[in-house]
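Residue strings, one per chain:
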Amino acid sequence: MSERNDTEPGRPVLEVDRLAVDIRTPAGTVRAVREVSFSVRSGETLALLGESGCGKSMTAQAVVGLLDPVAHVAGGAVRLDGTDLLTLSPAQRRRLAGPGLSIVFQDALTALNPVQTVGAQLAEPFRIHQRLSRRAARKRAVELMERVGIPEPAARVRAYPHQFSGGMRQRLLIALAVALQPKVLLADEPTTALDVTVQAQIMELLRELRTEQQTALILITHDLAVVAEQADHVAVMYAGAIVETGRVADVFSRPHHPYTRGLIDSVPADVARGTILKSIPGSPPDLHSVPSGCAFRARCPIARDVCAEQRPVLVEAGPKRLSACHHWRELSHD
Amino acid sequence: MLTFLRRRIASSALPLVVVILGVFCLARLTGDPGNLYLPLSATPEMRAEFAARHGFDQPLFVQFGDYLTQVFRLDFGESLRTAEPAADAVLRAFPATLQLAGATMILAILGAVVVGSWAAYRPNSVADRVASFTSTTAASMPDFWFAIMGVLVFAVALGWLPTSGTEGAAAWVLPVLTLLIRPFGVLVQVVRGAMVTALSAPYIKVARSKGAGEVRVVFGHALRNAAPPALTVAGDLTVGLVNGAVVVETIFGWPGIGKLMITSILQRDFAVLQAAVLVTAITIFALNIVIDACYALLDSRVRQGVTT
């Protein structure tokens, strides 16, 4: 806790600067994440919002250094408290995995090792980073299980993952991720595999832990409701790039990018039975053949010639807001 | 766990009786031992007397019944050839085979875990390709050819190793290598496949996200998940070693149970053959039980009978 007070208020704990990720595919190398920049402060929640395949999970995995072997960081910087993680050795990065950066993965059913007791898995961060004895680490594991709301933790510490429900397993994964009180916690679709009531409990738990530990939380999701309820800031991603950022309230009340507006309009609210739900026509571009200019133009209702000629960059579009649309001004006046 | 073991032992009893019956009948198809043990000039009376003395004049089912009763009293009969108790002959030969098979399997498993994991760590790398090529070659090598070539090159031509016997460490090299080569090749491929699957599982990423080092990730998290398929195949290969032992023990003059079986078949020494097969069968059943117990220890889902 004391360490955290050293950080000046207002200075971001994590800064991602023009991050690029390439993937090797049989058809050649494609850029899955291009020029992605964002930052987050302690105790704040940033949502990375986008459809499947937009590069949001890839961004998260690049930030924590756990990309699949076919993917690699092609450029940019990931600064934690000013230190660029991408320049560190694997051993130095491992020392920060847990106390510095931590991640909650989406599939709680397969993210726990089936042949180890949950106690052993929860004790592992303490064994690795604090070199605690088995007994002391197990005690910490029980405390963690209690903290994330697992009933009878002392008895269940010896149980195996298959003996827990999906919601409980997600709680275990969260416990694992917050074990060493990380400065930055990434949560990659933490509630996708769960039913609705459990989703709400898990989000509540994440919020409590963020407040308790003053963690910077990065929430990766496709769910606008989750963003609206949980996040302070949002970065909307499309085809590997951020198209709009800003405070959640601002972005949702007045989107400055046609893609964001399409997403918000697609949420069914007060729709009479029988009406056709709104959706964004078309589908995201194939990464092998991203069109020239704006990647969204083929699906965009307000696209014009300039959109095919010039690739829009993120420009300031109001206080603490950026938009990558040539025509954001038109949208802001609606 | 105890119930688990008791159930497995009970279910092995019947197959064991079937094995004994099979060997009992098949051994008697090899011909009349009287032809071997009596002089050519023996009179029919002498032959009848020989058969009566050893019980060969009784109907087959009576002989089998007598044999089973004796076995339950731990009496395995006497060797026709040496007149010593068959059990003594078998128990003298068995440790030599066990040592050979044990040393071989330990080396094969250790080697396969190291090479297989190394290959799986970076699929399609140069290391992986070298391991695949070597293991395929090893798995398809005929063991008798390897044994004879080994003797020709290392014992006869170079004179580094003895041609046969059990004296000293050098005598172990060729028999162990001959027995090892196929199980090693097969196991490398099984371990590699299982490790590739295990290492791409989500829990491996989670382990890395805790800051676990690569040794911990590979051997602490992945290997235990990859162990069951390797264990199944290793068990099967160990059973196969008994067959291999017949060849290897004959070529290298290793005084084990394989050599004893060959001799007793050629000599129509039924009591010794039956005892040898019985001991081997019991060992194989015991081995299977040990393997099942290992599964249960490795994975709690087996222990609790969970089906997922």
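Scoring rules and cut-offs
Residues numbered from 1 in each chain as written. Chains lettered and ligands numbered in written order. Predicted model: local features only at pLDDT ≥ 70, side-chain atom pairs only at ≥ 80, totals over all residues. Helix = DSSP H or I, 4+ residues; strand = E, 2+ residues; numbered from the N terminus. Buried ≥ 20, exposed ≤ 12 C-beta atoms within 10 Å, placed from the backbone. Contact = placed C-beta atoms within 7 Å. Rg over C-alpha atoms; globule rule 2.2 N^0.38 Å. Pairing = 2+ DSSP bridges. Expected span 1.5 Å × (residues − 1). Nonpolar A, V, L, I, M, F, W, Y, C, P; charged D, E, K, R; others polar. Axes fitted to C-alpha atoms, helices over the stretch in contact; angles between N-to-C directions. Parallel < 35°, antiparallel > 145°, perpendicular 65-115°, else oblique. Left-handed = near helix turned anticlockwise from the far one by under 90°. pLDDT = per-residue confidence, 0-100.

Quick word on the overall build of chain B
- For chain B, the count of helices and strands is 13 helices and 0 strands.
- Listing every helix and strand of chain B by position from the N terminus yields α-α-α-α-α-α-α-α-α-α-α-α-α.
- Oriented by its inertia axes, the alpha-carbon framework of chain B measures out at about 85 × 55 × 30 Å.
- Within the span of chain B, comprising 308 residues, buried residues form 31% of the whole.
- Of the contacts formed within chain B by residues at least 6 apart in sequence, a portion of 72% connects residues at least 24 apart.

Examining the overall build of chain A
- Scanning chain A for helices and strands turns up 13 helices and 12 strands.
- Relative to its length of 334 residues, chain A is compact, with a C-alpha radius of gyration of 21 Å against a globular reference of 20 Å.
- Relative to its full complement of 334 residues, chain A shows a buried share of 45%.
- In chain A, the proportion of contacts linking residues at least 24 apart, taken out of those at least 6 apart, comes to 63%.

Comments concerning the sheet that holds strand E2 (residues 28–40) of chain A
Residues and elements named next belong to chain A.
- Ordered by their spatial adjacency, 4 strands build an open sheet running E2-E1-E4-E5, and the pairing between neighbours is antiparallel. Every interior strand has two partners, whereas the edge strands, E2 and strand E5 (83–84), have only one.
- Relative to E2, strand E1 (residues 14–25) is paired through 9 bridges, and the arrangement is antiparallel. Looking at E2, one finds that Val21 is bridged to Val33.

Considerations on helix H7 (residues 166–178) of chain A
- With 13 residues, H7(A) extends 19 Å from end C-alpha to end C-alpha; this agrees with the ideal 18 Å at 1.5 Å per step.
- Across the 13 residues of H7(A), 11 count as buried, placing the element largely inside the fold.
- Those residues of H7(A) that sit buried are A:Met168, A:Arg169, A:Gln170, A:Arg171, A:Leu172, A:Leu173, A:Ile174, A:Ala175, A:Leu176, A:Ala177 and A:Val178.
- Buried residues in H7(A) make contact with strand E6 (101–104), helix H4 (118–129), helix H5 (134–147), strand E7 (184–188) and helix H8 (196–213) of chain A together with helix H9 (202–209) of chain B.

Side note on the interface of chain B and chain A
- If you look at the interface, chain B gives 20 residues, while chain A gives 23 residues.
- At the level of elements, H9, helix H10 (214–252) and helix H13 (300–303) of chain B are the ones that each hand at least two residues to the side of chain B that touches chain A.
- Each residue belonging to the side of chain B that touches chain A can be placed in one class, and the counts come to 7 nonpolar, 7 polar and 6 charged.

Looking at the sheet that holds strand E3 (residues 45–49) of chain A
All names here are of chain A.
- Strand order in this open sheet of 8 strands is E6-E7-E8-E3-E9-E10-E12-E11, and the pairing throughout is mixed. A single partner strand is all that each edge strand has here, and the edge strands are E6 and strand E11 (315–316).
- Helix H2 (residues 56–64) rests against E3, E6, E7, strand E8 (216–221) and strand E9 (233–238) of the sheet, and its axis sits at about 150 degrees to E7.
- Across the sheet, H7 is in contact with E6 and E7; its angle to E6 comes to roughly 175 degrees.

Section: the environment of B:Val196
Residue and element names in this part refer to chain B.
- When you line up the elements, Val196 lands in helix H8 (residues 170–199).
- Between the alpha carbons of Val196 and Tyr121 there is a distance of 7.1 Å; along the sequence they are 75 residues apart.
- With residues up to four places along the chain from it excluded, the contact list for Val196 reads Ala120 and Pro123.

Some remarks on the packing of helix H1 (residues 2–28) of chain B against helix H12 (residues 270–298) of chain B
All names here are of chain B.
- For the pair H1 and H12, interaxial distance at closest approach is 9 Å and the crossing angle is 155 degrees. Here H1 lies roughly antiparallel to H12, going by the angle between them. Classified by chirality, the crossing of H12 by H1 is right-handed. Of the residues in H12, those in contact with Phe4, Leu5, Arg8, Ile9, Ser12, Leu16, Val19, Ile20, Val23, Phe24 and Ala27 of H1 are Phe270, Leu273, Gln274, Val277, Leu278, Ala281, Ile282, Phe285, Ile289, Asp292, Ala293 and Ala296.

A few points about the packing of helix H11 (residues 257–266) of chain B against H12(B)
All names here are of chain B.
- At a minimum axis distance of 9 Å, the contact between H11 and H12 shows a crossing angle of 150 degrees. Crossing handedness for the pair H11 and H12: left-handed. In contact with Ile257, Leu260, Met261, Ser264 and Ile265 of H11, H12 contributes Val272, Leu273, Ala276 and Thr280.

Examining the pairing of E1(A)
- Two strands pair when backbone bridges link them, and E1(A) and strand E4 (residues 71–80) of chain A are joined in this way by 8 bridges, in the antiparallel orientation. Along E4(A), the bridge assignment pairs A:Asp17 with A:Ala77.

Some details on the confidence of the model for chain B
All names here are of chain B.
- Averaged over all residues, the pLDDT of chain B is 84; the fraction at 70 or higher stands at 97%.
- Confidence, read as mean pLDDT per element, is least for H13 in chain B (70) and greatest for H9 (93).
- Complex prediction metrics read pTM 0.80 and ipTM 0.85.

What to know about unusual backbone geometry
- One non-glycine residue, A:Glu152, lies in the positive phi region at around 50 degrees.
- For B:Asn124, which is not glycine, the phi dihedral falls at a positive 70 degrees.
- Summarising the element assignment, B:Asn124 is placed in the loop between helix H5 (86–121) and helix H6 (126–139).

Looking at the environment of A:Val70
Residues and elements named next belong to chain A.
- Here Val70 is to be found in the loop between H2 and E4.
- Linking Val70 and Arg24, residues 46 residues apart in sequence, is a C-alpha distance of 5.4 Å.
- Here Val70 is in contact with Ile23 and Arg24, once residues within four sequence places are set aside.

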